[in-house]
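Residue-level structural notes
Chain by chain, the residues:
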Amino acid sequence: MHIYDPAFLPAGAPPLPVVGTGHDYRRVQPVLGTRRTVVVTPRNFGTDNRVTLAAIQDLGREHTRGVAVVRDDVTDAQLQALHEGGIRGIRFTLYTPAHAVVGFDMVESLSHRVHELGWHVQLHWTAAQIVEHESLLRRLPSAIVFDHLGRLPVERGVNHPAFGIIRRELDGGKAWLKLSGPYLDSAVGEAGGYRDTDSLAQAWVAAAPDRLVWGSDWPHVTERVKPDDASLAALLARWVPDAAQRQRILIDNPEALYGFRQG
């Protein structure tokens, strides 16, 4: 789940589907129907992680685990406050310059800092960036989560060299990969978002089911409509026909990654 502060939405962005004005985060939980909330706060929608910490305070620390986007000047005290609030990872959104908060030159040093807290790093990179920065991946001390199916282009899929790099990290027990449901009403991402990714998702399920977690980007600034739960469940069942594997991806693997038992 993404938490955004409407006061910091970029110009021309659509209104948020649930979170209204201020920090009215509690309205989100009954709509999502969940007791656990993964919080992601890009800096360009807030400052100094104020929004993330406000959401944690409002939702209750017992309900939150998540990933934060931090600036390169984040202090140890701020990292500690996020840790106490349930944050367990740092996200590097570098797939376009417009979304970048820190550059590739800061990834390694920040990874070392959060590794001391037991956090992982979530890499929102393109497949081409994964190939270009393969040596950097090898140097990161913390666990790694590759976002959105590794952002492999659908037309090349498992034939892209990034597939082998990600597979190596998954097989080594250091990394995880996020299966992502398709965007329903936006043109975000390559070729209309994450549609038509059945073969790619199924390839990841066959390759490394023990290292996959599920992610659904809602509420999100790009989405006006909540994805239908039944449709998402059917999508995951198509990708993962085996019920025991679905349990692993939806429940067991996130418990291992985020360090809590889900309610």
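Given the structure is predicted, the values throughout are model-derived calculations rather than measurements.

Thresholds applied
- Here, residues in each chain are numbered from 1, in the same order as that chain's written sequence.
- Totals for whole chains, interfaces and linings use every residue, but because this is a predicted model, local features are given only for residues with pLDDT of at least 70 and side-chain atom pairs only at 80 or more, for both listing and counting.
- Heavy atoms throughout the structure, all of them, feed into the side-chain values; hydrogens and water do not.
- Numbering goes from the N terminus for both helices and strands, where a helix is a DSSP run of H or I of at least four residues and a strand is a run of E of at least two.
- In this scheme, a residue with accessible area under 20% of its type's maximum is buried, one over 50% is exposed, and one in between is partly exposed, where area comes from a 1.4 Å probe on protein chains only.
- Two residues form a contact once any of their heavy atoms are found within 4.5 Å.
- What makes a salt bridge here is a side-chain nitrogen of Lys or Arg within 4 Å of a carboxyl oxygen of Asp or Glu, nothing more.
- Whether a crossover is right-handed depends on one test, that the path from the first strand over the helix to the second runs clockwise when the strands point away from the viewer.
- Whether two strands pair comes down to DSSP finding at least two bridges between them.
- We call Phe, Tyr and Trp rings a pair once their centres come within 6.5 Å, taking the six-membered ring for Trp, and we label the pair stacked below 30 degrees between planes, edge-to-face above 60, and tilted otherwise.
- Two conditions define a charge sitting above a ring: the NZ of Lys or the CZ of Arg must be within 6 Å of the ring centre, and it must be within 35 degrees of the ring normal.
- Only buried Ala, Val, Leu, Ile, Met, Phe, Trp, Tyr and Cys residues count toward a nonpolar core, and they belong to the same one when joined by side-chain atoms within 4.5 Å.
- Identification of polar contacts relies on pairs of N or O atoms within 3.5 Å, with a donor-acceptor requirement for protein atoms, meaning one able to donate a hydrogen and the other able to accept it, and with residues adjacent in sequence counted only if both atoms are side-chain atoms.
- Here the positive residues are Lys and Arg and the negative ones are Asp and Glu; neither His nor the chain ends is included.
- As used here, the arc belongs to the directions running from the helix axis to the C-beta atoms.

A tally of helices and strands in the chain yields ten helices and seven strands. Looking at the chain residue by residue over its 263 residues, the buried ones come to 49%. In the chain, of all internal contacts separated by at least 6 residues, the share reaching a separation of at least 24 is 71%.

The next subject is unusual backbone geometry. Positive phi values are uncommon outside glycine, yet His-148 reaches one of about 50 degrees. A positive phi is found at Leu-149, a non-glycine position, where the angle reads about 60 degrees. For Leu-149, a relative accessible area of 2% corresponds to the buried category.

Turning our eyes to something else, we now look at the pattern of salt bridges. For the structure shown, the criterion picks out eleven salt bridges. Residues Arg-113 and Asp-76 are paired through a salt bridge, measuring 2.8 Å at the closest nitrogen-oxygen approach. You can see Arg-113 sitting in helix 4 (residues 104-115) and its partner Asp-76 sitting in helix 3 (residues 76-84), a full 37 residues away along the chain. According to the relative accessible area criterion, Arg-113 is partly exposed, its value standing at 26%.

Counting buried residues along strand 6 (residues 175-180), six of its six residues qualify, which places the element largely inside the surrounding structure. Here strand 6 shows no split at all, with Ala-175, Leu-177 and Leu-179 on one side and Trp-176, Lys-178 and Ser-180 on the other all buried. Handedness of the crossover joining strand 5 (residues 144-146) and strand 6 through helix 7 (residues 161-171) is recorded here as right-handed. Here strand 6 pairs with strand 7 (residues 212-215) via four bridges, running parallel. Counted as the bridge partner of Leu-177 is Leu-212 from strand 7.

This part covers the packing of aromatic side chains. By the definition in use, this model includes three aromatic pairs. Where Phe-104 meets Trp-125, the ring centres are 4.9 Å apart and the plane angle is 70 degrees; that geometry is what we call edge-to-face. In this pair, Phe-104 sits in helix 4 while Trp-125 sits in the loop between strand 4 (120-124) and helix 5 (127-132), placing the two residues 21 residues apart along the sequence. For Phe-104, a relative accessible area of 23% translates into the label partly exposed. The lysine or arginine in question, Arg-151, covers the ring of Tyr-95, its NZ or CZ lying 4.1 Å from the ring centre.

This paragraph deals with the nonpolar core. By size, the foremost hydrophobic cluster in this structure holds 48 residues, and its most contacted members are Phe-92, Trp-125, Leu-137, Phe-146, Leu-177, Leu-179 and Trp-204. Residues Val-145, Val-213, Leu-257 and Tyr-258 belong to the second largest nonpolar core, which totals six residues.

Moving on to the side chain of His-148. Relative to the helices and strands, His-148 resides in the loop between strand 5 and helix 7. A polar atom in the side chain of His-148 sits 2.6 Å from the side chain of Ser-180.

The topology assignment puts Arg-211 in the loop between helix 8 (198-207) and strand 7. Comment: no salt bridge for buried Arg-211; closest opposite-charge side chain is Asp-210, at 7.5 Å. Among the polar contacts made by the side chain of Arg-211, one reaches the main-chain carbonyl oxygen of Gly-173 at a distance of 3.1 Å. One polar contact links the side chain of Arg-211 to the main-chain carbonyl oxygen of Ala-175, over a distance of 2.9 Å. Apart from the residues within four sequence positions on either side, Arg-211 is in contact with Leu-170, Gly-173, Lys-174, Ala-175, Trp-176, Leu-177 and Asn-253.

Those residues of helix 2 (residues 50-59) that fall on the buried side of the exposure criterion are Val-51, Thr-52, Ala-54, Ala-55, Ile-56 and Leu-59. Following helix 2 by one or two positions, Gly-60 adopts a phi angle in the positive range, close to 100 degrees.

Turning next to helix 9 (residues 229-239). Along helix 9, the residues that are buried comprise Leu-232, Leu-235, Leu-236 and Trp-239. The buried residues of helix 9 occupy one face: seen down the axis, they fall within an arc of 95 degrees. Of the surrounding elements, those touching the buried residues of helix 9 are strand 6, helix 8, strand 7 and helix 10 (243-258).

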